[in-house]
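Residue-level structural notes
Listed below, chain by chain, are the residues.
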Amino acid sequence: MEAKTRSKVLDWLDERLQVQVALSFLAKKVVPLHRHSIWYYFGGMALFLFSVQVVTGILLLLYYRPTAEAAFESVQFIVTEVRFGWLIRSIHSWSANLMVAVLFVHMLSVFLLKAYRKPREMTWVTGVLLFFCVLGFGFSGYLLPWNTLAFFATKVGTELVNTVPVVGQPLLIFLRGGEDVTGATLTRFFGFHVAVLPMLTTLVLALHLLMVQFQGMSVPPSMQDQEDRMKKMPFFPNFLLRDALGWLVALGLLAALAAVFPWELGVKADPFAPAPAGIKPEWYFMFMFQTLKLAPSHILFLEGEMVVFLFFGLCGLGLILVPFLDARSRRGERSPLFTAVGILMILYIVTLTIVGYLVKVG
Amino acid sequence: MAHGAGPNSSPAGGRRRFLNWALGGGAVGLAGSVFYPILQFVLPPKISEAVLSSVVAGKVGELAPNTGKVFKFGSKPGLLIRLASGEYKAFSAVCSHLQCTVQYRGDLSQIWCACHNGHFNLNGEVLSGPPPAPLEAYSVAVRGDEIVVSKA
């Protein structure tokens, strides 16, 4: 009886939506098993943390108020008065940070295993764009509680745009909603954070996931010739269940982090107070922040901060274009140069991040 | 095409080319008339502000020697310092590097920006760190019990 109903429902759907096509695709989808298979889990983990962000973000929207007068107090209200508000807000912050960390790992593993090579160039490009979207989420979300640290981080971060010749100034005014960081900036960042970026991200994410389905999982170049003989795991349900186990652990970790290390709210922003000692951005911007600190005031005839900003801008562009720059990988050859560049990049980011946290200034 | 010549050499081809241009031009015009107001909308209107040339930054006796305070100079922060000698100095508190608000450090007798560790001397000149230019200096006058700071 039950089986009969199920096939009836399936038939009904199939006549209208051709669900059999999707189901037979899912039944055939496999994941190759080899010594680097572990890295296949990180994309799914990022996706899970993103969905946590969507759910907790919508919940926070019920109480958050995006004005300079009310933002700090509304977050205070969420964490002190609203039932489980402390939990939701802390999970939103922790999950955001874990997501960035997982994305770093996901992107670096794809980079070092050269999974961006033909025919997956566009999967890589959309992936890097998603990474930039997530950094945008991080930067805009950081300001929303309207505390002192966020105020100055936003001031510095947006001021960097001003170092770009010609378009810098109008772009700065567009971002800030005026010449200075004010309530207008907060309202704009709120709009970016809850409307513009979610729309962009959803669109690019859909493309990214669709391409992953079309192309299947990439096998590292060193094992590509054994791909046909390689052991494979059915995606559904075997691989998905393993994914789900990871997500369950992540959910537990988020709850534990939120309970043991609740995210701080800090002090309400005062535009007429000096920047506090020990000011720092989110950890994933630390390497850029530290570079800005160490750069001399002038490099050749240009101002230091302009050189730093243009340097990181070019790095970002280079990152997007990696599959097109790496001609050897495209031809299926080994490309040690790009491995070396990747390792150098990791070393730079890790070193400057550590230096940023260890060095005391005064 | 029916006449065996290129698509643009026949009268029909000429009409086709004209229509393509008209349609394309119309599309560009439409796009422009949609995006121009949007672009104008996202750039905030200039709010006219009274241009201040001087402001009361504090009261005499408010600052102990070798301390400083941030005051409002219109919409921007300024820094008023009372030197150990009792003399007053004032600067723009906006760091020339990336616009953080600077503060006076009594322990160093220097002006300091916490954001990227820039140091300035008591004439506003850069001593160390990334700032590319000195702080703008203001002139200070004591009138009665008020400390008046003005743009030089």
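Let us look at the structure shown here. All values reported here derive from a predicted model rather than from experimental measurement.

What counts as what
Residues numbered from 1 in each chain as written. Chains lettered and ligands numbered in written order. Predicted model: local features only at pLDDT ≥ 70, side-chain atom pairs only at ≥ 80, totals over all residues. Helix = DSSP H or I, 4+ residues; strand = E, 2+ residues; numbered from the N terminus. Buried ≥ 20, exposed ≤ 12 C-beta atoms within 10 Å, placed from the backbone. Contact = placed C-beta atoms within 7 Å. Pairing = 2+ DSSP bridges. Nonpolar A, V, L, I, M, F, W, Y, C, P; charged D, E, K, R; others polar. Axes fitted to C-alpha atoms, helices over the stretch in contact; angles between N-to-C directions.

Notes on the overall build of chain A
Each helix and strand in chain A was counted, giving 14 helices and 4 strands. The principal-axis extent of the C-alpha atoms belonging to chain A is close to 70 × 55 × 40 Å. The proportion of buried residues among the 362 residues of chain A is 30%. Sequence separation of 24 or more characterises 76% of the internal contacts of chain A that already satisfy a separation of 6 or more.

Focus on the pairing of strand β9 (residues 137-143) of chain B
Residue and element names in this part refer to chain B. One ladder, built from 2 bridges, connects strand β4 (residues 88-92) with β9; its direction is antiparallel. Directly across from Phe 91, in β9, lies its bridge partner Ala 137. Pairing of β9 with strand β10 (residues 146-151) involves 6 bridges; the strand directions are antiparallel. Residue pairing across strands places Ala 141 opposite Val 148, the latter belonging to β10. The antiparallel hairpin formed by β9 and β10 contains 2 residues in its connecting segment, where Gly 144 sits at a positive phi of about 65°.

Digging into the interface of chain A and chain B
Each partner contributes residues to the interface: chain A has 28 residues there, and chain B has 24 residues. Elements with a minimum of two residues in the side of chain A that touches chain B: α7 (148-159), α8 (168-176), α11 (286-294) and α12 (304-325) of chain A. Residue contributions to the side of chain A that touches chain B peak at 4 residues, all from α7 of chain A. Grouping the amino acids of the side of chain A that touches chain B by side-chain chemistry returns 17 nonpolar, 5 polar and 6 charged.

Focus on the sheet that holds strand β6 (residues 110-113) of chain B
Residues and elements named next belong to chain B. Read from one edge of the open sheet, 4 strands run β5-β6-β7-β8, paired in antiparallel fashion. Strand pairing shows two members of the sheet lacking a second neighbour, β5 (103-105) and β8 (126-128), which therefore form its edges. Averaged over all pairs of adjacent strands, the angle between their axes in this sheet comes to 40°, without regard to strand direction. Summarising the sheet, β6 and strand β7 (residues 118-120) pair through 3 bridges and their orientation is antiparallel. Of the residues in β7, the one forming a bridge with Cys 113 is Gly 118.

Describing unusual backbone geometry
The amide bond that connects Lys 118 of chain A to the next residue, Pro 119 of chain A, takes the cis arrangement and shows omega of 5°. With respect to the helices and strands, the residue Pro 119 of chain A is situated in the loop between α5 (85-112) and α6 (121-143). Across the junction of Phe 236 of chain A and Pro 237 of chain A, the peptide omega takes the value 0°, indicating a cis bond. Structurally, the position occupied by Pro 237 of chain A is in helix α10 (residues 235-260). Of note in this structure, Gln 18 of chain A is not a glycine but carries a positive phi near 50°. Its location among the elements puts Gln 18 of chain A in the loop between α1 (2-17) and α2 (19-28). The residue Ser 109 of chain B is not glycine, and still its phi comes out positive at about 55°. Along the polypeptide, Ser 109 of chain B turns up in the loop between β5 and β6. A tally of 13 C-beta atoms within 10 Å means that Ser 109 of chain B is categorised as partly exposed.

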